Amino acid sequence: MLKARLMPFEVAPGALKPMVELEKILKNSGLEHSLIELVKTRASQINGCAFCIHMHTKDARAAGETEERLYLLDAWRESPLYNDRERAALAWTEALTLVAETHAPDADYEELTRHFTPAEQVNLTLLIGAINTWNRLAIGFRSIHPVGASRAAA
C-alpha cells in the first residue's frame, strides 16, 4: 500500500503560493477550460501521476468533458474526437513533457503557431510546465488520490 511521504502544502505553503497564483492566472488566460484539463490530464498520464490524473479527469467531467474523450486521450493521435487546436496543444504537451527526448520539435512548434496566438503559446507552455511541476510534487511525495467508498471497503 502506498503511503504519502509528506504534505507539501503543510510544510512549505509559502513556496507553493506562486504555483497557486500561476494556476489562477492560467485559468483566466483565455485558454479553454476543456483544453486546460486535457493538457493537464495528458501530461499526468505521461508522467504516471495517479493523483493528478484523478483530479483532472474529475474536473474535466464536472466541466462537461465526455467520458469517451477522456478514455481515448492517451491515443488522441488515432482518434477523430479532438479538434486541430486540441491536437496542437496535445502534441506540444507531449513534446515539452518529454523534452529530454524530443527537444521540442520544429514541426510541433509550427503546428502550435497555426492554432495559438503568441500569448496563448506562452500561457500553454506555462500550463505544461506547471502541471509537470505538480506531477513531480505529487509523485515525489506520494500524494494519494481519494479512494471511492466502494473501493475503500474492498
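Residues numbered from 1 in each chain as written. Predicted model: local features only at pLDDT ≥ 70, side-chain atom pairs only at ≥ 80, totals over all residues. Heavy atoms only, no water.

1. Some words on the overall build of the protein chain
Move 1: The helix and strand inventory of the protein chain stands at 10 helices and zero strands.
Move 2: In the protein chain, the succession of helices and strands from N to C terminus is α-α-α-α-α-α-α-α-α-α.
Move 3: When its C-alpha atoms are laid out on the principal axes, the protein chain stretches across 45 × 35 × 30 Å.
Move 4: Long-range pairs, those at least 24 residues apart, make up 65% of the contacts in the protein chain between residues at least 6 apart in sequence. (Helix = DSSP H or I, 4+ residues; strand = E, 2+ residues; numbered from the N terminus. Contact = heavy atoms within 4.5 Å.)

2. Topic: the environment of Glu101
Move 1: Examined against the element boundaries, Glu101 turns out to sit in helix α7 (residues 99-102).
Move 2: For the pair Glu101 and Val39, spaced 62 residues apart in sequence, the C-alpha to C-alpha distance is 19 Å.

3. Let's talk about the side chain of Gln121
Move 1: In this structure, Gln121 sits in helix α9 (residues 118-140).
Move 2: The class of Gln121 is buried, set by a relative accessible area of 9%.
Move 3: At 2.9 Å, the side chain of Gln121 and the side chain of Tyr109 are in polar contact.
Move 4: Here Gln121 is in contact with Tyr109, Leu112, Thr113 and Phe116, once residues within four sequence places are set aside. (Buried < 20%, exposed > 50% of the residue type's maximum accessible area, 1.4 Å probe, protein only. Polar contact = N/O pair within 3.5 Å; in protein donor to acceptor, adjacent residues only side chain to side chain.)

4. Some details on the UniProt feature "domain: Carboxymuconolactone decarboxylase-like" (unreviewed entry) in the protein chain
Move 1: Mapped onto this structure's residue numbering, the UniProt feature "domain: Carboxymuconolactone decarboxylase-like" (unreviewed entry) falls at residues 22-95.
Move 2: Taken end to end, residues 22-95 is 69% helix and 0% strand, and its two terminal C-alpha atoms sit 21 Å from one another. (UniProt positions renumbered as here; feature names shortened; annotations may be inferred.)

5. A short note on unusual backbone geometry
Move 1: The backbone of Ala104 shows a phi angle near 50 degrees, a positive value even though the residue is not glycine.
Move 2: Despite not being glycine, Arg142 shows a phi value in the positive range, around 55 degrees.
Move 3: For Arg142, the location among the structural elements is in the loop between α9 and α10 (149-153).

6. Comments concerning helix α6 (residues 84-97)
Move 1: With 14 residues, α6 should cover 20 Å at 1.5 Å per step; its first-to-last C-alpha distance of 20 Å lies within 8% of that length.
Move 2: The element α6 is extensively covered by neighbouring structure, given that 12 of its 14 residues are classed as buried.
Move 3: Of all the positions in α6, only Arg85, Glu86, Ala88, Ala89, Leu90, Ala91, Trp92, Thr93, Glu94, Ala95, Leu96 and Thr97 are classed as buried.
Move 4: Those residues of α6 that are buried lie in contact with α3 (33-47), α5 (67-71), α7, α8 (106-115) and α9.
Move 5: Capping the start of α6 is the job of one residue whose side-chain oxygen sits 3.1 Å from the backbone nitrogen of Arg85: Asn83. (Expected span 1.5 Å × (residues − 1).)

7. Some remarks on the packing of aromatic side chains
Move 1: Taken as a whole, this structure holds two aromatic pairs when the rule is applied.
Move 2: Ring centres of Phe9 and Trp134 lie 5.9 Å apart, and the angle between their planes is 20 degrees; on these two criteria the pair is classed as stacked. Note that Phe9 is positioned in helix α1 (residues 8-11) and Trp134 in helix α9, a separation of 125 residues in sequence.
Move 3: On the accessibility criterion, Phe9 (49% relative accessible area) is partly exposed.
Move 4: For Trp134, a relative accessible area of 15% translates into the label buried.
Move 5: Aromatic pair Trp92 and Tyr109: ring centres 5.7 Å apart, planes at 55 degrees, arrangement tilted. With Trp92 in helix α6 and Tyr109 in helix α8, the pair connects residues that are 17 residues apart, well separated along the chain.
Move 6: On the accessibility criterion, Tyr109 (38% relative accessible area) is partly exposed. (Phe/Tyr/Trp six-rings, centres within 6.5 Å; stacked < 30°, edge-to-face > 60°.)

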